[in-house]
Amino acid sequence: HVQLVESGGGLVQTGGSLRLSCAASGSILRINSMGWYRQAPGKQRELVADITSGGSTNYADSVKGRFTISRDNAKKTVYLQMNSLKPEDTAVYYCNADILDYSLGYGRDYWGQGTQVTVSS
């Protein structure tokens, strides 16, 4: 059994910063890619950023230059540093990880419970 636990969401003014964290725990043999998605009310869930086990990163165009994804493999944790926040960044942010689960014997995607980020204008 694997869990992803997120923290760091909250309310911030336009131009402010937040840092999200997501820690994985449980029957983990290996973590491949990790990433952050977000879903605003009435919209589909979208990729914000992801990072491979080797550290290669990928960002949505809307957050390039403002958000930075990183990971600490020893802590099994992925981070999302969000700067210059805008009201359109308001959404529930979800952590995602592709994990080889030794209790299952195969790899699959896992999701966190989501954390609310609200940017006031």
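Keep in mind that what you see is a predicted model, and the values were worked out from it rather than measured.

Rules used in this analysis
Residues numbered from 1 in each chain as written. Predicted model: local features only at pLDDT ≥ 70, side-chain atom pairs only at ≥ 80, totals over all residues. Heavy atoms only, no water. Buried < 20%, exposed > 50% of the residue type's maximum accessible area, 1.4 Å probe, protein only. Helix = DSSP H or I, 4+ residues; strand = E, 2+ residues; numbered from the N terminus. Pairing = 2+ DSSP bridges. Axes fitted to C-alpha atoms, helices over the stretch in contact; angles between N-to-C directions. Salt bridge = Lys/Arg side-chain N within 4 Å of Asp/Glu carboxyl O. Polar contact = N/O pair within 3.5 Å; in protein donor to acceptor, adjacent residues only side chain to side chain. Contact = heavy atoms within 4.5 Å.

With that settled, the discussion passes to the pairing of strand β1 (residues 2–7). Consecutive residues of a regular strand have side chains that alternate between opposite faces of the sheet. Side chains V2, L4 and E6 project from β1 onto a buried face, and the interleaved Q3, V5 and S7 project onto a face without burial. Examined bridge by bridge, β1 and strand β3 (residues 18–26) share six bridges and lie antiparallel to one another. Looking across to β3, one finds that S7 is bridged to S21.

Within the open sheet, the four strands sit side by side as β1-β3-β8-β7. Their pairing is antiparallel. The sheet is open, and its two edges are formed by β1 and β7 (67–72), each paired on a single side. Sheet twist, expressed as the mean angle between neighbouring strand axes with direction ignored, is 15 degrees.

Turning next to the pattern of salt bridges. One pass over the full model with this rule turns up four salt bridges. Here R66 ties to D89 by a salt bridge, and the two come within 2.7 Å at their closest N and O atoms. Of the two residues, R66 is situated in the loop between β6 (57–59) and β7 and D89 in the loop between β8 (77–82) and β9 (91–101); the sequence distance between them amounts to 23 residues. Owing to a relative accessible area of 1%, D89 belongs among the buried residues under this scheme.

Moving on: the pairing of β3. With six bridges joining them, β3 and β8 adopt antiparallel strand pairing. Among the inter-strand pairings, L18 is bridged to a residue of β8, identified as M82.

Here the focus is the side chain of R38. The topology assignment puts R38 in strand β4 (residues 28–39). R38 gets classed as buried once you look at its relative accessible area, which sits at 6%. A distance of 2.7 Å separates polar atoms of two side chains, one belonging to R38 and the other to E46. For R38, the side chain forms a polar contact with the side chain of Y93, separated by 2.9 Å. For R38, the residues in contact, after removing those within four places along its chain, are Q44, R45, E46, V48, S62, V63, F67, E88, D89, A91, V92 and Y93.

With respect to the helices and strands, G107 occurs in strand β10 (residues 106–111). When its relative accessible area of 40% is taken as the criterion, G107 is described as partly exposed. Beyond its immediate stretch of four places on either side in the chain, G107 contacts I99, L100 and D101.

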